[in-house]
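The residues making up each chain are set out below.
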Amino acid sequence: MENHKQQMKKYWRKNIRTVLILLSIWFLVSFGFGILLAEPLNAIKIGGYKLGFWFAQQGSIFTFVVLIFVYVYKMNKLDEAFDVNEK
């Protein structure tokens, strides 16, 4: 029983670590690139649009969607590793 509690603590520690890393990436992209670094990034153009504008309008949304898929993938691997998967 004690081993099970230790395993679940380890599982949740890894889960929270994954969430914090992914949220940090999203914060960096949305706040960092979209707001703080928008002016320097505006010197670069993608498809005719300034990169800072692109990150503020589209980049953070695309990044969020990609991070959702990354989270699902990482959690499936973590669930398998700790044998708590739904299969």
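Scope of this entry: the structure provided in the associated data block.

Procedures and definitions
- For every chain, the first residue of its written sequence is number 1, and the numbers climb from 1 along that sequence.
- For this predicted model, a pLDDT threshold of at least 70 governs which residues receive local features, and a threshold of 80 or more governs which side-chain atom pairs are given and counted, while totals over whole chains, interfaces and linings are taken from all residues.
- With hydrogens and water set aside, each side-chain value is computed from the structure's full complement of heavy atoms.
- Working definition: helices are DSSP H or I runs of at least four residues, strands are E runs of at least two. Numbering for both runs from the N terminus.
- Accessible area is worked out with a 1.4 Å probe on protein chains only. A residue is then buried under 20% of its type maximum, exposed over 50%, and partly exposed in between.
- When checking whether two residues touch, look at their non-hydrogen atoms; a contact exists if any pair is within 4.5 Å.
- When charges are counted, neither His nor the chain ends are considered; positive counts come from Lys and Arg and negative counts from Asp and Glu.
- Note that the charge is assigned to NZ on lysines, CZ on arginines, CG on aspartates and CD on glutamates.
- Here a patch means residues that are over 30% exposed by relative accessible area and free of salt bridges, tied together within 9 Å if like-charged and within 5 Å if nonpolar (Val, Leu, Ile, Met, Phe, Trp, Tyr).
- Only the protein chains shown count as cover for residues, with accessible areas throughout obtained via the Shrake-Rupley method and a probe of 1.4 Å.
- The rule for a salt bridge is simple: a side-chain nitrogen of Lys or Arg has to be within 4 Å of a carboxyl oxygen of Asp or Glu.
- Two aromatic rings, drawn from Phe, Tyr or Trp (for Trp, its six-membered ring), form a pair once their centres lie within 6.5 Å of each other, and the interplanar angle then sorts them: stacked below 30 degrees, edge-to-face above 60, tilted otherwise.

1. Here's the deal with the overall build of the protein
Thought 1: Counting its secondary structure elements, the protein contains 3 helices and 2 strands.
Thought 2: Each of the three principal axes of the protein carries a C-alpha extent, and together these read 60 × 25 × 15 Å.
Thought 3: The 87 residues of the protein split such that 24% are buried.
Thought 4: Considering only contacts in the protein between residues 6 or more positions apart, those separated by 24 or more positions represent 61%.
Thought 5: Computed over 11 positive and 6 negative side-chain charges, the inter-centroid distance for the protein is 7 Å.

2. Some remarks on a positive patch on the surface
Thought 1: A surface patch of positive charge is lined by Lys5, Lys9, Lys10, Arg13, Lys14, Arg17 and Lys74.
Thought 2: Relative to the assigned elements, Arg13 resides in helix H1 (residues 2-36).
Thought 3: Looking at Arg13, the relative accessible area reads 55%, which means it is exposed.

3. Topic: the packing of aromatic side chains
Thought 1: This model, assessed by the stated rule, comprises 8 aromatic pairs.
Thought 2: Between the aromatic rings of Trp26 and Phe64, the centroid separation amounts to 4.6 Å while the plane-to-plane angle is 35°, which identifies the pairing as tilted. Of the two residues, Trp26 sits in helix H1 while Phe64 sits in helix H3 (residues 51-81), which places them 38 residues apart along the sequence.
Thought 3: Residue classification places Trp26 among the partly exposed residues on the basis of a relative accessible area of 30%.
Thought 4: Ring geometry for Tyr49 versus Phe53: centroids 6.3 Å apart, planes at 25°, classification stacked.
Thought 5: Its relative accessible area of 44% is what places Phe53 among the partly exposed residues.

4. Examining the side chain of Asp79
Thought 1: Along the polypeptide, Asp79 turns up in helix H3.
Thought 2: Discounting chain neighbours no more than four positions away, the residues touching Asp79 are Tyr11, Val84 and Asn85.

5. Let's talk about the environment of Met75
Thought 1: Relative to the helices and strands, Met75 resides in helix H3.
Thought 2: The class for Met75 is buried, based on a relative accessible area of 8%.
Thought 3: Distance in space between the C-alpha atoms of Met75 and Asn15 is 7.3 Å, their sequence separation being 60 residues.
Thought 4: Here Met75 is in contact with Tyr11 and Asn15, once residues within four sequence places are set aside.

6. A word on the environment of Phe62
Thought 1: Assignment of secondary structure puts Phe62 in helix H3.
Thought 2: Phe62 sits 32 residues away from Ser30 along the chain, and the two C-alpha atoms are 10 Å apart.

By themselves, these are just geometric observations and shouldn't be taken as functional.
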